[in-house]
Amino acid sequence: MSPAGVYRVEHLHQPSGWLSPGYLEVDADGYIATVDQDPPHGGSVTHLAGLGVPSASNLHSHAFQRALVGLSECASIADAEDTFWTWRKVMYDFVARIDPAQYQAIAAMVYTDMLKHGITAVGEFHYVHHDTSGCPYADRAEMSKRLVAAAEQTGLAITLLPVFYASGGIGRPPQESQKRFVHAEPDRFLELVAGLSALSDGRPDLVIGVALHSLRAVPTDGLAAVVAGVRDIASDTPIHIHVAEQPREVEECLASLGARPIRWLLDNANVGADWTLIHATHCDENECRDMAASGAVVGLCPATEASLGDGIFPLVAYQGAGGHWGIGTDSNYTTSVAEELRVLEYGQRLIHGRRNLLTAPGDETTEHTGRRLFDLALAGGTRSLAQPMGALTPSKRADLVMLDSESPTLLGHGPRTGLDAWILGGTVNPVRDVMVGGRWVVRDGRHDSEDIIIAAYKETMADLVAA
Ligand SMILES: [Zn+2]
């Protein structure tokens, strides 16, 4: 059935403000044809009450880590200090036993949750390539295809980022616990990327990018080979990398490569607007300025960074330098972009002792923190994932999120303060309906397939946690 239709949205988010009401026309391919304050001539019109906003891009996810939530919050006798590195051990033990069907079941659950919170595209940073013994599956893309299948099952658009992973630290061989992630040769990895790229032909909801795990896990010659190889496949492929998440990583990089990790990348990897630097938590003033000038997107994952004790990114300075950034849910402790933005803003308030740090008075789109954070993350997320979304304007995919004005979170709020109420305070999720490519996938807060997806996830969790 064609997704074509005309919608009268009570309050419609626009790059320059709001249309109240706004008429949104969707074409037969699921793209926005027109947006206007008057209805197009002829045809029926569907009325949508509430605030209509663009959907969010979630630029960094490891879907399987959703299943780990709540399983690493206990003091350990073996590790006197519980840190990112002890959490990583728990994650490695867990990932060692996940089979393809379980991998898909977890991803379908977390993708459903994302949709229900107004996210319609995910950047999946995918490194679990091989079977539990570390051998490639008969179809080398088995696990990648499971993520694509989970996205299809839920209606989420995906920018799949297969990860190149080759070492267990700078200059060190991979550990046994990393065997499911490793490609010894860049060429084998590039074959995987080329195969997946063929899969995405003619599919606007599936973008194939590439990820370099980190400077810890990718030797410098491997990094150069993968970037060159990817540029041969497609010149504009999004490239993502974890960088400077932990102080120990900065120290190791300084000792081995003679530069801090962000500095090394900026000086050696031709970082530009098609790069996304995930975390970039530990960056000095010069790195901050040069990263902004490079045009790259910084992928901030505030809830995960807080959970892991990573540190706080210098967002005020970076924003001041004109830097681009977006939001990722990373280990999926939460799948709410609103909650991620809240943690981000409150972290900045705590370190600076000030409020509303990113706002600019005098313009309705920049003077409110909720709207300001939402719009900035929208722009960065769209650039990072290379998906045709990020604004409710003609030629973008018709990805629309309706916020319910009758939700306790939004009662008493219109467009002027609605995003402030949602992002900075609300505890009840006000996302009522979510459209992807002109089709409703969430209606009245429910996903069409959620009963089946929850049942499969329940079975998977029972098996994995019991093991
Ligand atoms: Zn990550």
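What you see is a predicted model; the values in this text were computed from it and never measured.

Attention now goes to the pairing of strand β11 (residues 239-243). With five of five residues buried, β11 lies mostly within the body of the structure. Side chains I239, I241 and V243 project from β11 onto one buried face, and the interleaved H240 and H242 project onto a second face that is buried too. Chirality of the crossover, the property in question, places the unit of strand β10 (residues 210-212), helix α5 (residues 220-233) and β11 among those that are right-handed. Pairing of β11 with strand β12 (residues 275-279) involves five bridges; the strand directions are parallel. Counterpart to I241 in the pairing with β12 is L277.

Next up on the list: the coordination of the zinc ion. The coordination sphere of the zinc ion, as far as protein atoms go, consists of H60 (NE2), H62 (NE2), H242 (NE2) and D330 (OD), spread over 2.1 to 2.8 Å. Each donor residue of the zinc ion lies on the same chain, and together they follow the pattern H-x1-H-x179-H-x87-D. Placement of H62 in the loop between β6 (56-61) and α1 (84-95) and of H242 in strand β11 is noted, with a sequence separation of 180 residues between them.

Time to look at the side chain of H126. In this fold, H126 is placed in strand β7 (residues 119-126). Accessibility expressed as a relative area gives 1% for H126, which makes it buried. Residues contacting H126, with those up to four places away along its chain left out, are Y103, M143, S144, L147, L160, L161, P162 and V163.

Let us now look at the environment of M143. Here M143 is to be found in helix α3 (residues 142-154). Excluding residues that lie within four positions of it along the chain, M143 makes contacts with I98, P100, Y103, H126, V128, H129, Y137 and R180.

According to the domain assignment, the chain consists of domain 1 (5-54 + 390-450) and domain 2 (56-385). The interface is formed by 33 residues belonging to domain 1 together with 31 residues belonging to domain 2. Interface area for domain 1 against domain 2, summed over the two sides, is near 2500 Å², with a carbon-plus-sulfur share of 57%. When the area that domain 1 buries against domain 2 is broken down by residue, the three leading residues are I423, L424 and H447, summing to 24%. Going through the elements one at a time, β1 (5-14), β2 (17-19), β5 (46-54), α13 (415-424), β16 (431-436) and β17 (439-443) are the ones with two or more residues in the side of domain 1 that touches domain 2. Looking at the side of domain 1 that touches domain 2, the element that brings in the most residues is α13, giving seven residues.

Interaxial distance between helix α2 (residues 100-116) and α3 falls to 8 Å at its minimum, and their mutual angle equals 35 degrees. The chirality of how α2 crosses α3 is right-handed. Residues P100, A101, Y103, Q104, A107, A108, Y111, T112 and L115 of α2 pack against E142, M143, R146, L147, A149, A150, A151, Q153 and T154 of α3. For the contact of α2 with α3, the per-class residue count stands at twelve nonpolar, four polar and two charged.

This part takes up the nonpolar core. Within soluble globular proteins, side chains that are nonpolar generally end up buried alongside one another. Residues Y111, L223, L265, W275, M291 and W325 are the most contacted members of the largest nonpolar core, which totals 129 residues. Among the elements that make up this core, the one with the highest residue count is α2 (nine residues). Split by domain, this core shows at least three residues from each of two domains, domain 1 (5-54 + 390-450) and domain 2 (56-385). Ignoring sequence-local partners within four residues, the contact set of Y111 consists of A63, V122, E124, L147, A150, A151, T154, L156 and I158. Listed in part, the 15 residues of the second largest apolar core include Y7, L24, A398 and M402.

As a further point, take unusual backbone geometry. Residues apart from glycine generally show negative phi values, whereas peptide bonds are mostly found in trans. Note that the residue after S20, namely P21, is joined by a cis bond; omega there is 0 degrees. One can find P21 in the loop between β2 and β3 (22-26). Backbone geometry places H279, a non-glycine residue, at a positive phi of 80 degrees. Within the element layout of this structure, H279 appears in strand β12. By relative accessible area, which is 1% here, H279 ends up buried.

Let's shift gears to α2. Spanning 17 residues, α2 covers 24 Å between terminal C-alpha atoms, matching the ideal 24 Å at 1.5 Å per step. Burial runs high along α2: 16 of the 17 residues are buried. Between the side-chain oxygen at the start of α2 and the backbone nitrogen of A101 there is a gap of 3.1 Å, and the oxygen is on D99. A positive phi of about 90 degrees marks G118, the residue just after α2.

Taken N-terminus to C-terminus, the directions of helix α11 (residues 337-352) and α13 make an angle of 85 degrees; their axes are 8 Å apart at the nearest point. Looking at the two axes, α11 sits roughly perpendicular to α13. Each of A338, L341, R342, E345, Y346 and R349 in α11 lies in contact with α13, whose residues at this interface are W422, I423 and L424. Residue composition of the contact of α11 with α13, grouped by class: six nonpolar, no polar and three charged.

The tally for this structure, following the rule as stated, stands at 24 salt bridges. Between E191 and R188 there is a salt bridge, and its shortest N-O distance comes to 2.7 Å. Of the two residues, E191 and R188 are both situated in helix α4 (residues 186-199); the distance of three residues between them amounts to about one turn of the helix. E191 sits in the partly exposed class, given a relative accessible area of 42%. R188 gets classed as partly exposed once you look at its relative accessible area, which sits at 37%. Of the charged contacts, one joins D205 and R203 as a salt bridge, the two residues approaching to 3.1 Å between their closest N and O atoms. Residue class for D205 comes out partly exposed when judged on its relative accessible area of 28%. The structure contains a network of salt bridges with shared partners spanning K116, R446, E450 and D451.

With that settled, consider the environment of Y111. With respect to the secondary-structure elements, Y111 resides in helix α2. Residue Y111 is classed as buried on the basis of its relative accessible area of 0%. It is 6.8 Å that separates the C-alpha atoms of Y111 and L156, two residues lying 45 residues apart in sequence.

Definitions and cut-offs
Residues numbered from 1 in each chain as written. Predicted model: local features only at pLDDT ≥ 70, side-chain atom pairs only at ≥ 80, totals over all residues. Heavy atoms only, no water. Buried < 20%, exposed > 50% of the residue type's maximum accessible area, 1.4 Å probe, protein only. Helix = DSSP H or I, 4+ residues; strand = E, 2+ residues; numbered from the N terminus. Right-handed = clockwise from strand over helix to strand, strands pointing away. Pairing = 2+ DSSP bridges. Donors = N, O, S within 2.8 Å, 3.2 Å for Na, K, Ca; no water. Contact = heavy atoms within 4.5 Å. Domains from an automatic or database assignment. Buried area = accessible area lost by both parts, 1.4 Å probe. Axes fitted to C-alpha atoms, helices over the stretch in contact; angles between N-to-C directions. Left-handed = near helix turned anticlockwise from the far one by under 90°. Nonpolar A, V, L, I, M, F, W, Y, C, P; charged D, E, K, R; others polar. Core = buried A, V, L, I, M, F, W, Y, C linked by side-chain atoms within 4.5 Å. Expected span 1.5 Å × (residues − 1). Polar contact = N/O pair within 3.5 Å; in protein donor to acceptor, adjacent residues only side chain to side chain. Parallel < 35°, antiparallel > 145°, perpendicular 65-115°, else oblique. Salt bridge = Lys/Arg side-chain N within 4 Å of Asp/Glu carboxyl O.

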